[in-house]
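Structural features, examined
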Amino acid sequence: MHLTVVGCYGPYPPAGGACSGYLLREEGYNLLIDCGNGVLSSLQNHIDFRELNAVLLSHLHPDHYSDILIMRYGLVMARNSGRLSEPLKIYAPPEPEEDFERLPYKDVYAVQPIGPDQALELGPFNVETAAVVHAVPGVALRVKSASGTLVYSGDTEYFDGLESFAREADLFLCEANYQDLDITNNLANHISAAQAARAAASAGVKRLLLTHHHPDRDREVSRAEAEKYYPAVEMAVEGETYLLSP
Ligand SMILES: [Zn+2]
């Protein structure tokens, strides 16, 4: 399984960056997890967007889905020219309703709702979902294939079931939008680098990759706060590909 970090910022990107987007590839199958602003552009450094097989949206905040509203124009042209015959499968939580209803466009997308505690078979990937704690309904994802298990937190506050959902993952891709000070100040909706690292250590994950970097917060502070609990922590880098192998 190849994980390419297409975009790793939130809730907005710095110059030249992109918000959340993660490309998973195995056996020629291309699964995009989240599609925030800037992802459509950066994705094309890696694959042709017309070769996506499915898109999974963790939740419907614009920094995780807004480029779905742009990709449709390219897909309409591909359908009209006969270059594409099938609609692109999109899985997303059905709320907020007004956001979910904006996703379908002509015949280019086949949009299906997903919720917590569901299982999906997508090509070589077996996907399980869990509820997260965030401002809108969302899911964390546990993606298994012959080559390993990747767990993605989506956007979430720390919650009790996080360790069991991430248990023994080969790679735990966890948001870390906050730092210690944000937790001291009782900010809601996101997890801190230290909280993610503590959860990763007690879940026994083989590799921890922190993401959803805040463009105005010093990434080295986040790294240092996480290293106290998970010394081998890595910070997601846009354009990098991470290999999971058996
Ligand atoms: Zn969010």
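Anything mentioned here points back to the structure above.
In short, a report on the structure.

What counts, and at which threshold
- Residues numbered from 1 in each chain as written.
- Predicted model: local features only at pLDDT ≥ 70, side-chain atom pairs only at ≥ 80, totals over all residues.
- Heavy atoms only, no water.
- Phe/Tyr/Trp six-rings, centres within 6.5 Å; stacked < 30°, edge-to-face > 60°.
- Helix = DSSP H or I, 4+ residues; strand = E, 2+ residues; numbered from the N terminus.
- Buried < 20%, exposed > 50% of the residue type's maximum accessible area, 1.4 Å probe, protein only.
- Lys NZ or Arg CZ within 6 Å of the ring centre and 35° of its normal.
- Contact = heavy atoms within 4.5 Å.
- Pairing = 2+ DSSP bridges.
- Axes fitted to C-alpha atoms, helices over the stretch in contact; angles between N-to-C directions.
- Salt bridge = Lys/Arg side-chain N within 4 Å of Asp/Glu carboxyl O.
- Patch = residues over 30% accessible without salt bridge, like charges linked within 9 Å, V, L, I, M, F, W, Y side chains within 5 Å.
- Areas by Shrake-Rupley, 256 points an atom, 1.4 Å probe, with all protein chains shown as cover.
- Lys, Arg positive; Asp, Glu negative; His and termini not counted.
- Charge placed at Lys NZ, Arg CZ, Asp CG, Glu CD.

**Topic: the packing of aromatic side chains**
- Across all of its chains, the model carries three aromatic pairs by this definition.
- Here the aromatic rings of Tyr73 and Tyr105 are separated by 5.8 Å at their centres, their planes lie at 80 degrees, and the arrangement is edge-to-face. Linking Tyr73 in helix α3 (residues 68-80) with Tyr105 in the loop between α4 (97-100) and β6 (109-113), this pair joins segments that are 32 residues apart in sequence.
- By relative accessible area, Tyr73 is classed as partly exposed at 43%.
- Above the plane of the ring of Tyr105 lies Arg72, whose end atom (NZ or CZ) is 4.2 Å from the centre.

**Details of the environment of Ser66**
- Position of Ser66 relative to the elements: it lies in the loop between α2 (62-65) and α3.
- Between the C-alpha atoms of Ser66 and Cys19, which are 47 residues apart in sequence, the distance is 9.5 Å.
- With near-sequence residues (within four places) excluded, Ser66 lies in contact with Cys35, Gly36 and Asn37.

**Points about the sheet that holds strand β10 (residues 148-152)**
- In space, the seven strands of this open sheet follow the order β7-β8-β9-β10-β11-β12-β13, with mixed pairing throughout. The open sheet has two edge strands, β7 (119-122) and β13 (234-235), and neither has a second partner.
- Of the pairings in the sheet, the one linking β10 to strand β11 (residues 171-175) comprises three bridges and is parallel in character. Each bridged residue has a counterpart across the sheet, and for Val151 the counterpart in β11 is Phe172.
- Running at roughly 155 degrees to strand β12 (residues 208-211), helix α7 (residues 193-203) makes contact with β11 and β12 of the sheet.

**Some thoughts on the pattern of salt bridges**
- Counted under the stated rule, the structure contains eight salt bridges.
- The closest approach of N and O atoms between Asp48 and Arg83, which form a salt bridge, is 3.0 Å. One end of the pair, Asp48, is in the loop between α1 (39-43) and β4 (54-56); the other, Arg83, is in the loop between α3 and β5 (88-92), and 35 residues separate them in sequence.
- Among the salt bridges present, the one from Lys144 reaches Glu128, with a minimum N-O distance of 3.8 Å.

**Quick look at a negative patch on the surface**
- Taken together, Glu95, Glu97, Glu98 and Glu101 make up a surface patch of like negative charges.
- Note that Glu95 resides in the loop between β5 and α4.
- Residue class for Glu95 comes out partly exposed when judged on its relative accessible area of 46%.

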